[in-house]
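# Chains, contacts and geometry: an overview
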Number of protein chains: 2
Amino acid sequence: MSAQDTGFQAALHEARRGSSEGGVSIGAALGYNMRIQNGSATLHAEISARENAGHLPASAYQGATTYTSLSPCDMCTGACVMYNIKRVVIGQNISFVGGEEYLKSKGIEVVFIKEKPGDWYEDIGEDQ
Amino acid sequence: MSAQDTGFQAALHEARRGSSEGGVSIGAALGYNMRIQNGSATLHAEISARENAGHLPASAYQGATTYTSLSPCDMCTGACVMYNIKRVVIGQNISFVGGEEYLKSKGIEVVFIKEKPGDWYEDIGEDQ
């Protein structure tokens, strides 16, 4: 399994954790959407992931990849730009199209998981 | 005192709370930068403010104004865009220039507090 596959599997696993708690089924590697569970206005999956990773030096983010099951919203896009993330790997943008073009305009590589779309559909209870 | 002045005074008050705790002296109305205190990667003042306001319906943000002592970074800019904030009132962009142009491009009104610059300088221990 490639590093990209492993990262995305981690994001998918986190999305499933959110779903199993009655929350929104969106995950990023290291975290998942906690808005419902925590009564939070900002804990989208990508923000949760950064919170879970803790207070790191700026250099820790440079060259890093964010893995997320859903195309990132403006806030999560901005978090990637602010931290100079190198690459964002996205599960799907069918249910929501986020700031992919803005990420690219800032020189951030955007990659979609095309190889295993069935994993996402299964996650949201649909056949492909 | 106008509503704008009151909101900015609240942001300045929050910035001072952050400073008094040994944190970064940046505030927004309802919250302040908690990165140092909480070992957080995302609790900038504007994110703290939204967290403190809690889990609100989307309509609660529309027509709202964000007051912040410092020009917002890309993440906080994105949070304003994502929530369809109507207006952002900024204390200063001398120490950091954030996503002001991006906010404007999304139809969000950007206002600077020019009337009382002395308040900010005083907050960072400098004369004007």
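Each value, and the rule that gives it
Residues numbered from 1 in each chain as written. Chains lettered and ligands numbered in written order. Predicted model: local features only at pLDDT ≥ 70, side-chain atom pairs only at ≥ 80, totals over all residues. Heavy atoms only, no water. Helix = DSSP H or I, 4+ residues; strand = E, 2+ residues; numbered from the N terminus. Contact = heavy atoms within 4.5 Å. Buried area = accessible area lost by both parts, 1.4 Å probe. Polar contact = N/O pair within 3.5 Å; in protein donor to acceptor, adjacent residues only side chain to side chain. Least-squares fit on C-alpha atoms with pLDDT ≥ 70 in both. Phe/Tyr/Trp six-rings, centres within 6.5 Å; stacked < 30°, edge-to-face > 60°. Buried < 20%, exposed > 50% of the residue type's maximum accessible area, 1.4 Å probe, protein only. Salt bridge = Lys/Arg side-chain N within 4 Å of Asp/Glu carboxyl O. pLDDT = per-residue confidence, 0-100.

Attention now goes to unusual backbone geometry. What is expected of a backbone is that most residues other than glycine have negative phi and most peptide bonds are trans. A positive phi angle, near 55°, is found at A:Asn84, a position not held by glycine. By the secondary structure assignment, A:Asn84 is in the loop between α4 (74–82) and β4 (87–92).

Frequently, the measure chosen for interface size is the accessible area removed from exposure when the parts meet. Across the contact, 23 residues belong to chain A and 23 residues belong to chain B. When the two sides are added together, the surface that chain A and chain B hide from each other amounts to roughly 1900 Å², 61% of it contributed by carbon and sulfur. The largest contributions to the chain A side of the interface with chain B come from A:Ala41, A:His55 and A:Asp74, which together make up 29% of the buried area. Counting across the chain A and chain B interface gives 14 residue pairs in polar contact (both at pLDDT 80 or more). Sorting the residues of the side of chain A that touches chain B by element identifies α2 (35–38), α3 (45–53) and α4 of chain A as the ones contributing at least two each. With 6 residues, α4(A) is the single largest residue contributor to the side of chain A that touches chain B.

Here we take up the relation of the copies chain A and chain B. Mapping between the two chain copies consists of a rotation about an axis together with a translation along that axis. Superposition of chain A onto chain B requires a rotation of 180° combined with a translation of 0.0 Å along the rotation axis, giving an RMSD of 0.0 Å. In the structure described here, the two chain copies are related by an operation that fits a two-fold rotation axis. Of the interface residues in chain A, 100% have counterparts in chain B that sit at the interface too, so the contact is made through matching surfaces.

What follows covers the packing of aromatic side chains. Summed over all chains, the structure comprises 3 aromatic pairs over all chains. On the basis of an interplanar angle of 20° and a centroid distance of 4.3 Å, the ring pair of A:Tyr102 and B:Tyr102 is categorised as stacked. Here A:Tyr102, found in helix α5 (residues 100–105), pairs with B:Tyr102, found in helix α5 (residues 100–105), and the two come from separate chains. For A:Tyr102, a relative accessible area of 19% gives the class buried.

With that settled, the discussion passes to α4(A). α4(A) sits mainly inside the fold: 7 of its 9 residues count as buried. Among the residues of α4(A), A:Met75, A:Cys76, A:Thr77, A:Gly78, A:Ala79, A:Cys80 and A:Val81 are the ones counted as buried. Contacts from the buried residues of α4(A) go to α3, β3 (65–70), β4 and α5 of chain A together with α3 (45–53) and α4 (74–82) of chain B. In the segment just after α4(A), A:Asn84 is the residue with positive phi, at about 55°.

Before going further, it helps to spend a moment on the pattern of salt bridges. All names here are of chain A. Inspection of the entire model under this criterion finds 4 salt bridges over all chains. Between Glu14 and Arg17 there is a salt bridge, and its shortest N-O distance comes to 3.6 Å. Of the two residues, Glu14 and Arg17 both sit in helix α1 (residues 3–20), 3 residues apart, roughly one turn of that helix. Overall, Arg17 belongs to the partly exposed group, its relative accessible area being 37%. In this structure, Glu101 and Lys104 form a salt bridge, with 3.3 Å as the shortest nitrogen-oxygen distance. With a gap of 3 residues between them, Glu101 and Lys104 both fall in helix α5, about one helical turn apart.

To continue, consider the confidence of the model for chain A. Residue-level pLDDT values for chain A average 85, and 85% of them are 70 or greater. Reported confidences for the modelled complex are a pTM of 0.81 and an ipTM of 0.79.

All names here are of chain A. Residue position: Met34 is located in the loop between β2 (31–32) and α2. Sequence separation between Met34 and Gly18 is 16 residues, and the spatial gap between their C-alpha atoms is 7.0 Å. Sequence-distant contacts of Met34, defined by excluding residues within four places in its chain, comprise Glu21, Gly39, Ser40, Leu43 and Ser48.

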